[in-house]
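# Understanding the architecture of this molecule
Chain residues, written in single-letter form:
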Amino acid sequence: MFQKIIILLIIFFSAVIQVSVFPRLFPSGLSPEIVLMLVIFWTSRDGFEKTWPKAVLSGFMLDLFYFWPAGTNIIAFALVSYGVGFFARRFTISQKNMGLLVLLLLSAMGSAANSLILLILAKIYKGLGLELGIFLPDFWNRMIFLKILIDMLLFVMIYWPLSGLERFLSFYGKKSMQGRFFK
Amino acid sequence: MPRKYLSPRLIKLMAILAVCSLLVFLNPKQAFSPLRNFFLTAAYPFQKIFYILSKKTGDTMEFLGSISNLHAENERLIKENSSLISEISNLRQEKKENENLREQLGLIPKKKFDLEAAYVIGQDPQKFGSWLIIDKGTSSGIEAGMPVIVFQGIIIGRISEAYLTSSKIELLTNSLSSINASDSETNSRGIVRGEFGLGVLLDMVAQTDVLNVGDEVVTSGLGSDVPKGLLIGKIQEIKTTQDKLFQQALIVPSVRYSNLETVFVIKKSIN
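In terms of helices and strands, chain A carries 6 helices and 0 strands. Helices and strands in chain A line up, N terminus first, as α-α-α-α-α-α. Within chain A, residue pairs in contact and separated by at least 24 positions form 70% of the contacts whose partners lie at least 6 positions apart. Total accessible area on chain A stands at roughly 8700 Å², and carbon and sulfur atoms take up 70% of it.

Below is the structure:
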């Protein structure tokens, strides 16, 4: 339960930062996607099978904060998580051998895929005549490469704190399990 | 072997996609409003602090980046200052004339509005931002549909969703936004709507009406709660629709929506 609350708080505060901090610090269109990077980090460690609830929760939280129809970011995050999980399994045999370089490559792929998926969704919505108020830049312009680079830098910045937190949570989990069995 | 392709992972993914597609298609906005209200209320103090801190950080970064240009900038400013002093005296005279003209045109002065000042605490992180979040909501008497202005009566949009402690402003650049407007010089009427965050367009202006580049476009006060005479921007370019039935004018908004800190919600006009 404690772990789940911590995960919820991390997602919540990341969404707040994404809406209230990054748009002020980065030029229009280059605002990094911290929530997406969290999903990519978790998927690269645990695979899609274990991460999909976090991806759904993250997407839902972002939909709430973006005022988008619930489901939009969930679709994007679920697809990105599936893709990252798929490639993470193939790039590495075990988690320990997975270098940061591979993770960076996955984060770049995830960032590009997320932008592309959202753009396709926005076009589908428009095609269906759904006025959902989603406005996205064209995907293939120079800005997208800069945005991917910024997302990668953000991934590096959150990688070690999240790894540390993960170790702490797994340690806490073990302790609480011991408490439950040996009390 | 169909089982090979339909792994549990893929089935889960397909289930998520199916449920979410249904959610998006049905778009039960109201169903999630209480939840959105809860999270926005919970996020409100953090958003406010984070937004102010990030603004200060952004300003500091901008200052540090501009240090190298300070000497040249200083010289330029000294020159500019001397020319501005002479300009001020001219402007004072023009201000008086302008106030008289606005009165004659029936533009509502600010004193006649019941304004609620609010801080911007969040904005659309996507390119071509189309909304802002402010730190006032239903607890301050704010309702959906109320117009939002900045200093000097420049309209920037309307409240589209109001929650307990925060509200969402749908900016004029949002393609869902449309406001009745007119050319303040020629009185030609049309509808101002957003161009997918790209800019603002004065549309549906009759071919017989006159539009001029550089004219100010103001709200016409027709058919909505938006008062007459709020400034939208200046006409930059005039074109004709493909069917040649109407004229369109590209408008340059009078403020940069991404740099706003304080805005005013017009709760009602005071008669």
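Anyway, onward from the coordinates.
This part covers the pattern of salt bridges. Residues and elements named next belong to chain B. In total, this model carries 11 salt bridges over all chains according to the counting rule given. Arginine 36 is the salt-bridge partner of glutamate 161, the closest N and O atoms lying 3.6 Å from each other. With glutamate 161 in strand β4 (residues 154-162) and arginine 36 in helix α3 (residues 29-66), the pair connects residues that are 125 residues apart, well separated along the chain. Summarising the burial analysis for this pair, glutamate 161 and arginine 36 share the class buried.

The extent of an interface is frequently quoted as the accessible surface area lost upon association of the parts. With 50 residues of chain B in contact, the opposing surface of chain A contributes 49 residues. Taken together, both faces of the contact between chain B and chain A bury some 4600 Å²; the carbon and sulfur share is 72%. Applying the counting criterion to the chain B and chain A interface returns 1 salt bridge. The salt bridge partner of B:Lys12 is A:Glu49, with a shortest N-O separation of 3.2 Å. Counting every contact that joins chain B to chain A gives 11 residue pairs in polar contact (both at pLDDT 80 or more).

The next thing to look at is the packing of helix α4 (residues 72-91) of chain A against helix α5 (residues 100-127) of chain A. Residue and element names in this part refer to chain A. Interaxial distance between α4 and α5 falls to 9 Å at its minimum, and their mutual angle equals 150 degrees. Where α4 crosses over α5, the two elements pack in a sense that is right-handed. Contact with α4, carried on its side by Thr72, Asn73, Ile75, Ala76, Phe77, Leu79, Val80, Val84, Phe87, Ala88 and Phe91, involves Val102, Leu105, Leu106, Met109, Gly110, Ala113, Asn114, Ile117, Leu118, Leu121 and Tyr125 of α5 and no other residues of that element. Of the residues in the contact of α4 with α5, the class split is 18 nonpolar, 4 polar and no charged.

Residue and element names in this part refer to chain B. Relative to strand β7 (residues 189-194), strand β6 (residues 178-183) runs antiparallel, the two sharing 5 bridges. Residue pairing across strands places asparagine 180 opposite isoleucine 191, the latter belonging to β7. Counting the residues that bridge the hairpin from β6 to β7 gives 5 residues, and of these asparagine 187 lies at a positive phi of roughly 65 degrees.

Between α4(A) and helix α2 (residues 8-26) of chain B, the shortest axis-to-axis distance is 8 Å and the interhelical angle comes to 165 degrees. By the criterion of interaxial angle, the relationship of α4(A) to α2(B) is roughly antiparallel. For the pair α4(A) and α2(B), the crossing hand works out as left-handed. Between α4(A), through A:Thr72, A:Ile74, A:Ile75, A:Ala78, A:Leu79, A:Tyr82 and A:Arg89, and α2(B), the contact on the second element is made entirely by B:Arg9, B:Leu10, B:Leu13, B:Ile16, B:Leu17, B:Cys20, B:Ser21 and B:Val24.

This paragraph deals with the nonpolar core. In this structure, A:Phe65, B:Ile156 and B:Val263 are the most contacted members of the largest nonpolar core, which totals 104 residues. A total of 17 residues in this core trace back to one element, the largest contributor, which is helix α3 (residues 34-66) of chain A. When near neighbours in sequence (up to four residues on either side) are disregarded, A:Phe65 contacts A:Phe12, A:Ala15, A:Val16, A:Val19, B:Phe39, B:Leu40, B:Ala43, B:Gln47, B:Trp131 and B:Ile133.

Centre distance and the angle of the planes are the two values used to describe a pair of aromatic rings. The final tally for this structure, using the stated rule, is 18 aromatic pairs over all chains. With a centroid separation of 5.2 Å and an interplanar angle of 80 degrees, the aromatic rings of A:Phe12 and A:Phe13 are classed as edge-to-face. Accessibility expressed as a relative area gives 26% for A:Phe13, which makes it partly exposed. Geometrically, the ring pair formed by A:Phe41 and A:Tyr159 is edge-to-face, given 5.8 Å between the ring centres and 80 degrees between the ring planes. Residue A:Phe41 is found in helix α3, and its partner A:Tyr159 is found in helix α6 (residues 142-182); the two are separated by 118 residues along the sequence. Accessibility assignment for this pair places A:Phe41 and A:Tyr159 in one class, buried. Cluster of aromatic residues (ring-pair linked, three or more members): A:Phe12, A:Phe13, A:Phe65, B:Phe38, B:Phe39 and B:Phe46.

Low pLDDT marks regions whose predicted coordinates should not be analysed in detail. In the predicted model, chain A carries a mean pLDDT of 82, and the fraction of residues at 70 or more is 83%. Model confidence for chain A, summarised as mean pLDDT per element, is weakest for α6(A) at 77 and strongest for α3(A) at 92.

A contiguous nonpolar patch, built from A:Leu116, A:Ile120, A:Ile124, A:Leu128, B:Leu22, B:Phe25 and B:Leu26 and spanning about 690 Å² of accessible area, is present on the exposed surface. Looking at the nonpolar patch, the elements that each hand over two or more residues are α5 of chain A together with α2 of chain B. Relative to the helices and strands, A:Leu116 is located in helix α5. You can call A:Leu116 partly exposed: its relative accessible area is 34%.

Our focus in this paragraph is the environment of A:Phe41. Here A:Phe41 falls in the buried class, since its relative accessible area comes to 1%. In sequence terms A:Phe41 and A:Val84 are 43 residues apart; their C-alpha atoms lie 9.2 Å from each other.

This brings us to α3(A). All names here are of chain A. With 33 residues, α3 extends just 14 Å between its outermost C-alpha atoms, more than 12% less than the 48 Å of an ideal straight helix rising 1.5 Å per residue. Approximately 135 degrees is the largest bend angle found in α3, and it occurs at glycine 47. Of all 33 residues in α3, 24 are buried; the element is thus mostly enclosed. Phenylalanine 67 sits one or two residues past α3 and shows a positive phi near 60 degrees.

Here the focus is the side chain of B:Ser220. Residues and elements named next belong to chain B. In this fold, serine 220 is placed in the loop between β9 (216-219) and β10 (231-240). Assessed through its relative accessible area of 6%, serine 220 is described here as buried. Setting aside residues no more than four positions away along its own chain, serine 220 makes contact with Asn180, Ala181, Ser182, Arg189 and Lys228.

What counts and what doesn't
- Residues numbered from 1 in each chain as written.
- Chains lettered and ligands numbered in written order.
- Predicted model: local features only at pLDDT ≥ 70, side-chain atom pairs only at ≥ 80, totals over all residues.
- Heavy atoms only, no water.
- Helix = DSSP H or I, 4+ residues; strand = E, 2+ residues; numbered from the N terminus.
- Contact = heavy atoms within 4.5 Å.
- Areas by Shrake-Rupley, 256 points an atom, 1.4 Å probe, with all protein chains shown as cover.
- Salt bridge = Lys/Arg side-chain N within 4 Å of Asp/Glu carboxyl O.
- Buried < 20%, exposed > 50% of the residue type's maximum accessible area, 1.4 Å probe, protein only.
- Buried area = accessible area lost by both parts, 1.4 Å probe.
- Polar contact = N/O pair within 3.5 Å; in protein donor to acceptor, adjacent residues only side chain to side chain.
- Axes fitted to C-alpha atoms, helices over the stretch in contact; angles between N-to-C directions.
- Left-handed = near helix turned anticlockwise from the far one by under 90°.
- Nonpolar A, V, L, I, M, F, W, Y, C, P; charged D, E, K, R; others polar.
- Pairing = 2+ DSSP bridges.
- Parallel < 35°, antiparallel > 145°, perpendicular 65-115°, else oblique.
- Core = buried A, V, L, I, M, F, W, Y, C linked by side-chain atoms within 4.5 Å.
- Phe/Tyr/Trp six-rings, centres within 6.5 Å; stacked < 30°, edge-to-face > 60°.
- pLDDT = per-residue confidence, 0-100.
- Patch = residues over 30% accessible without salt bridge, like charges linked within 9 Å, V, L, I, M, F, W, Y side chains within 5 Å.
- Expected span 1.5 Å × (residues − 1).
- Bend = angle between axes of the 7 residues up to and from the residue.

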